[in-house]
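Here's the letter readout for the chains.
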Amino acid sequence: MNSFVDLLISLPELFLVLTAMGMMVAGVYTSAGKAYTLISNAAVLSLFGAIGLVLFAKTGTTLAFNDLFINDGFAQYIKIILLLAAALVILIGDRAVRKIKIAHFEYPILIIFATIGMMLMVSANDLMSLYVGLELQSLALYVVAALNRDSLRSSEAGLKYFVLGALSSGMLLYGCSLIYGYAGTTSFTGLETAVAGASNISLGLLTGLVFLIVGLAFKVAAVPFHMWTPDVYEGAPTPVTAFFAAAPKVASMALFVRITMGPFQGMADQWQQIIIVLSILSMVLAALAAISQTNIKRLMAYSSIGHAGYALIGLGAGTKQGTTAILIYLAIYIVMVIGTFACILCMKRKGNSVEQINDLAGLGKSHPAIAAALLLFMFSMAGIPPLAGFFGKLYIFLAAIEAELYSLAVIGVLSSVVGSFYYLRIVKVMYFDNLSDELDSVTGKRISVIISLCALTILLFFLSPSLLVDSASTAASVLFEK
Amino acid sequence: MMVQAIAFYVFAGVTIASAAMVIGSRNPVHSVLFLILAFFNSAGLFVLMGAEFLAMTLVIVYVGAVAVLFLFVVMMLDINFVKLRQGFLQYLPIGGLIGLVLIVELLMVVSGWVVSPAGLKTAAINSQAIDGVSNTLALGRLIYTEYVYLFQASGLILLIAMLGAIVLTLRQREGVKRQRITDQLDRKPEDSVEIIDVKTGSGV
Amino acid sequence: METLAVFLPLLGAILAGLFGFVLRDRGAVLVTSSLLTISAVLSWVLFYDVIWGTGPRTVHLLNWVSVDKFIFNWALLIDQLTVVMLVVVTTVSSVVHWYSIGYMHHDKSIPRFFAYLSFFTFFMLMLVTSDNLIQMFFGWEGVGLCSYLLIGFWFDKPSANAAAIKAFVVNRVGDFGYALGIFGVFVLFGTIQLDDIFLAASSKAEAKIIFLGIEFHAITVLCLLLFIGAMGKSAQLGLHTWLPDAMEGPTPVSALIHAATMVTAGVFMVCRLSPLFEYSETALAVVAVVGASTAFFAATVGLTQNDIKRVIAYSTCSQLGYMFFAAGLSAYGAAMFHLFTHAFFKALLFLGSGCVIHAMSDEQDMRKMGGIRKLVPITYIYMWIGSLALAGIGIPGLGGFAGFHSKDIILESAWAADSIFGYYSFWLGLIAALMTAFYSWRLLFLTFHGQARCDERTLAHVHESPAIMWVPLLVLAAGAVVAGYLGHTVFAGGGDQMRSFWGDALFMLPTHTALENAHKVPLWVKVSPLAAGLMGISIAYIFYIQNNKLPSNCAARFKPLYEISYNKWYFDELYDRIFVKPAFVIGRYLWKSGDGAVIDRLGPDGLAMVTLRFSRLVSILQTGYVYHYAFAMLIGLVGLVSWYVFSEFLR
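Residues numbered from 1 in each chain as written. Chains lettered and ligands numbered in written order. Predicted model: local features only at pLDDT ≥ 70, side-chain atom pairs only at ≥ 80, totals over all residues. Heavy atoms only, no water.

Caption draft 1: Structural view of helix α15 (residues 332–359) of chain C. When the terminal C-alpha atoms of α15 of chain C are compared, their 39 Å separation across 28 residues agrees well with the 40 Å that a helix rising 1.5 Å per residue should span. For α15 of chain C, the principal kink sits at histidine 342 of chain C and spans about 30 degrees. (Helix = DSSP H or I, 4+ residues; strand = E, 2+ residues; numbered from the N terminus. Expected span 1.5 Å × (residues − 1). Bend = angle between axes of the 7 residues up to and from the residue.)

Encoded structure:
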């Protein structure tokens, strides 16, 4: 056991942990006025540094820390998305965070810790490391959700998320213990051999898996474990909501993939049924419920539920193609979500942020650039070609068709038709409704740059989809090379 | 063996009974006390299994710190628990039904228990008692070698918990006078004392 | 060169249509007209080159579709038949372009008009140059579209819109047949390349096609389907009703599309597919009978119409009938010959009548004209030349106006066909010739002779057209005078001369000798068309110059006949009763009770309602209480666990 090698394998995580701790110290010793600026810049830099470390890390699958930790192409792909999302969220939230007076230097540090938790999740190779990573992530998220302590709704959001999260953690742990009890091991490698070797799947193991999946379904906000999402998204400060919608979703979905396609590959017939049910429920309910929303953050909450449903289709397919489709979908989703939230963060009237859909009225005339970007994001989420969102859905549905899940694909397409209603409603409000009180003009160069980058990515994705598709399929193939 | 068995059933029975009382009793202080009782009995169960370190930790950490903290909170915050419970009966039937279904299902699951041979094997390897090594030492060896990763990650979780508690509760109020030692030490006579020539007969 | 000739009009159309705001009226007009004139010159060069030079060829442009055996390309087939059409189309089109500069100069959207004209020309050229049925269909539909656009050019006139729609819809009926024909050809031959079809035609001569359990002669079915398409486009009896209404469009359009080019596409198609039609006696007979009947029917209607353009429109219809029965009797050369000459004199007549209308301040009713021959001498001469050519006047043995040669050869072929269909065609054609002469001179006399019947302001305003209008007509007038004389031996003369002219473009079975024997018919047959023409002119003279009362007396005496003729044999009323009204009734029923009550209520509206209701329900469930949420999660968990436990239990 060479512990130095272990440290090298987990270098990006280690780097982030150390810098985060350093930042905590630095934050304390900096005067209150400057601390946030300093720490948030340092946080973004260290996140980008971690991206560099991930990118230049050794490729190939390596295990570390007594096989508790795994680093492979799949984990690297997801980690890059996560780190990028975290960095962008800190950047776009900058002004809003100051405005609502939550500019504590701890905010970026908590975001980093949450990101570290997610990275541990996707690198988990054992039920225990899975749980530890998950809790690390969740705890940081509970705190940031309640960060605006002067706002009743923010505190409420944090509390709700905490209580329900604890419940889901309980279920997950219960599932883990059942699995341990029936399989005799917590290691993914061990579980895989246990599952593959079993002549018939014991009901106990299956029940354990169901509990485990329920715990994860809570994290990705799949119906019926989604109830917290709208309230938390609405209550949490908007920059935090952006983070919620982006990174944890991706991490939990990746963990979902890691578990189902890894140790429980041999039980695919069983878990596929749950995944398909969750997927259908999520897509349909999200599409229907979003229609009657008036708050754009709630709307995004339902939208994220729906997107989770679509991603689960790929999982339901249970094939390599399906996994590739999920990875593509997640990457595109992140870009759309961050772009959309950047636009939402720009919605201010007389300095105060507004978040009703009706407040967007007339945006097409008053702020043509933002409106055009938001239009792109909405079209892309609705899946209108040739925007990136269309391809995301396309690969997912193709995977479902290949796996002969025709009814699932059809339901997916139908619900995305219904779903396009509420995306297009935003476009309609922006361009065809009469101007309400004009919103403030956009301030901040960073946010404008990020919005335009996201919009361009969405718009021009079709020129060279292979860039993403190739890396996604390489990442996915890792899970299937055995 | 007989004594052990009796002790097990006593501890287990009391644990379950007091757990039920935690959620059943009307007085929240009683609930916390029942919780402490449950912890003690669980510690007893650990001792029966030969895990004396875990038993001690349970007593020290949970009883000594957590439960006492609970007790303080319950007594300090004057929460009207009766009001909180009002909806309880309303949801009891359906909640009870769901609980019942879950219990029945879990029983069915457990009734089909077959300990996997592989599991038995690994358990046998791991639980071999090593002569002359105490429970604490063995745990320590494991935690700081094989499971150092989990140990450190748990440490991170605790760090976040601390950080979160500070962020969410620490307030720097404006206008509060506070002692700053450095400021006091840095003071120079020029800053605080001014010598003014006062003409005789007139005020300052 | 071939490519240039075909695509220059498209270039013009694009320039005028998309950049009209840059070019302005003048620029658009000059660009389109010049490009078309260049195209016309190139066509004449091609004409010479193909017939007396290097011969037929195919120019491959682009690959279009390649699906298994369904392969065809964009290509230009330049053979004798094509170059004849090229010459006709581009020449008439360029004359019409120049003429329109004068005719349309008051109009508000001149670039649009010229873009349409050039666009139409391009499609017409695509149609005639195609080497496969699909490309031909592309041109076919394209000219239909342009025809629609041009008939409805003055779209603020409701009648123009109605006429445009009518033309489009009636053509759709024909196009349906044509499309079915193409499908059938593909089924039978496995290709839609013309040369492949023609090669295989003789081997499939006896092929059968089984439909609904009944066996049909395959080629007959195909030819009839294709002929339905031709009937629609060429306004043959039954599908002719759109043509007179199409006169709502500007007069140059009538001259170009509804006289000289597009309406002859049907004739062209039958001639082009002659190798196919030759193998079906039945189809040929149908073509002949329909053609002859149309010639007769349209002539009778033409007798009584009062709108100057409608008279000419019915005369067009009637002349197309001649071409069809010529084709139906295997005298394809004669049909093409008449097509060629007809293009000149009919365009001349239309444009001449355009001059008249122009002079009369947009008056089209002949009853309100009269006595203006001194005021518009050039137009008067043009109309005379056109009418003489149309009536087929000439001196036997020496030569005459264009129609004299082409119509005579058709009637002679009809006689020489020596079959029941031949005689039917001959006699109907002869009577139609008499009536043609009559209404042509009726038109001349009513318009130019006698007393002026218009109001004084109009009369004071009557003036000769500007040079830009009458100079281009010289080309057509020349064609109307000499085209017949120059062409009668090469186009439709018997023997080697004709065969060397047409090459392989037209195909006649050796047993089909109508055209060959046309030159050996008795003298009275040769003279009879001329006699009929002269007789018609004399009757017209008696009716409208000598005795002004006679027409109304006759109309009163033979009231039923007059009514039938005047009301166009009640075709419009009949169609209205049979097709239009029931269609409206069915449509309304389906709309109200089918679409509205069933599909909308169960479909879009109903779904939207259900969705909305469900959406509200979900919002209500979202109570905001943590324990509700926790409850929902538990229920979900229990549901999933139960699913497995019970499925396991049942197993």
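Caption draft 2: A look at the interface of chain B and chain A. Listed by partner, the interface residues are 29 residues for chain B and 35 residues for chain A. Buried surface at the junction of chain B and chain A, summed over both partners, amounts to about 2800 Å²; 77% is from carbon and sulfur atoms. Taken as a group, Tyr149, Ile160 and Val167 of chain B account for 24% of the area that chain B buries against chain A, more than any other trio of residues on that side. Here chain B is connected to chain A by zero salt bridges. Contributing elements (two or more residues each) for the side of chain B that touches chain A: α5 (88–111), α6 (117–126) and α8 (148–169) of chain B. When grouped by side-chain class, the residues that make up the side of chain B that touches chain A number 21 nonpolar, six polar and two charged. (Contact = heavy atoms within 4.5 Å. Buried area = accessible area lost by both parts, 1.4 Å probe. Salt bridge = Lys/Arg side-chain N within 4 Å of Asp/Glu carboxyl O. Nonpolar A, V, L, I, M, F, W, Y, C, P; charged D, E, K, R; others polar.)

Caption draft 3: Spatial organisation of the interface of chain B and chain C. Across the contact, nine residues belong to chain B and ten residues belong to chain C. Three residues, Tyr91, Ile98 and Glu105 of chain B, lead the burial of chain B against chain C; their summed loss comes to 54% of the area buried on that side. Seen at the junction of chain B and chain C, the total is zero salt bridges. Between chain B and chain C we count one residue pair in polar contact (both at pLDDT 80 or more) in total. In the side of chain B that touches chain C, the residues fall into seven nonpolar, one polar and one charged. (Polar contact = N/O pair within 3.5 Å; in protein donor to acceptor, adjacent residues only side chain to side chain.)

Caption draft 4: Examining a nonpolar patch on the surface more closely. Residues and elements named next belong to chain B. Judged by side-chain polarity, Val68, Leu69, Phe70, Phe72, Val73, Met75, Met76 and Leu77 come together as a nonpolar surface patch covering roughly 800 Å² of accessible area. Structurally, phenylalanine 72 is set in helix α3 (residues 52–76). Residue classification places phenylalanine 72 among the partly exposed positions, given a relative accessible area of 47%. (Patch = residues over 30% accessible without salt bridge, like charges linked within 9 Å, V, L, I, M, F, W, Y side chains within 5 Å. Areas by Shrake-Rupley, 256 points an atom, 1.4 Å probe, with all protein chains shown as cover. Buried < 20%, exposed > 50% of the residue type's maximum accessible area, 1.4 Å probe, protein only.)

Caption draft 5: Broad picture of the packing of helix α16 (residues 368–382) of chain A against helix α18 (residues 406–432) of chain A. Residue and element names in this part refer to chain A. Axis separation between α16 and α18 bottoms out at 9 Å; the angle between their running directions is 170 degrees. The angle between α16 and α18 falls in the class roughly antiparallel. Between α16 and α18, the contacting residues are Pro368, Ala371, Ala372, Leu374, Leu375, Met378, Phe379, Met381 and Ala382 on the first element and Ser416, Ser420, Tyr423, Leu424, Ile426, Val427, Met430 and Tyr431 on the second. Of the residues contributing to the contact of α16 with α18, the split by class is 15 nonpolar, two polar and no charged. (Axes fitted to C-alpha atoms, helices over the stretch in contact; angles between N-to-C directions. Parallel < 35°, antiparallel > 145°, perpendicular 65-115°, else oblique.)

Caption draft 6: Structural context of the pairing of strand β4 (residues 214–217) of chain C. Residues and elements named next belong to chain C. Note: strand β3 (residues 208–211) against β4, four bridges, orientation antiparallel. When the sheet's bridge partners are listed, isoleucine 210 is paired in β4 with glutamate 215. Two successive antiparallel strands, β3 and β4, enclose a turn made up of two residues, where leucine 212 displays a positive phi of approximately 55 degrees. (Pairing = 2+ DSSP bridges.)

Caption draft 7: Fine view of the packing of aromatic side chains. Evaluated as defined, the whole model comprises 66 aromatic pairs over all chains. Centroid distance phenylalanine 65 of chain A to tyrosine 149 of chain B: 5.1 Å. Interplanar angle 15 degrees. Geometry classified as stacked. Highlighted residues: phenylalanine 65 of chain A in the loop between β1 (62–64) and β2 (69–71) and tyrosine 149 of chain B in helix α8, drawn from two different chains. Tyrosine 149 of chain B matches phenylalanine 65 of chain A in its accessibility class, with the two residues each being buried. Here tyrosine 161 of chain A and phenylalanine 244 of chain A contribute two aromatic rings whose centre-to-centre distance is 5.2 Å and whose plane-to-plane angle is 55 degrees, an arrangement assigned as tilted. Taken together, the positions of tyrosine 161 of chain A in helix α7 (residues 152–183) and phenylalanine 244 of chain A in helix α11 (residues 238–261) put the pair 83 residues apart, joining distant regions of the chain. Summarising the burial analysis for this pair, tyrosine 161 of chain A and phenylalanine 244 of chain A share the class buried. Joined through ring pairs, the aromatic side chains of Phe7, Trp64, Phe70, Phe72, Trp74, Phe119, Phe122, Phe123, Phe138 and Phe186 of chain C make up one cluster. (Phe/Tyr/Trp six-rings, centres within 6.5 Å; stacked < 30°, edge-to-face > 60°.)

Caption draft 8: Examining the side chain of glutamine 293 of chain A more closely. You can see glutamine 293 of chain A is positioned in the loop between α12 (268–290) and α13 (296–317). A relative accessible area of 7% places glutamine 293 of chain A in the buried class. Sequence-distant contacts of glutamine 293 of chain A, defined by excluding residues within four places in its chain, comprise Arg298, Leu299, Tyr302, Ile357 and Arg425 of chain A together with Ser619 of chain C.

Caption draft 9: Quick peek at helix α2 (residues 28–48) of chain B. All names here are of chain B. Along its 21 residues, α2 runs 30 Å from first to last C-alpha, staying within 8% of the 30 Å computed at 1.5 Å per residue. Of all the positions in α2, only Pro28, Ser31, Val32, Leu35, Ile36, Ala38, Phe39, Asn41, Ala43, Gly44 and Leu45 are classed as buried. Within two residues after α2, glycine 50 carries a phi angle of roughly 85 degrees, on the positive side.

Taken by themselves, the reported measurements are silent on function.
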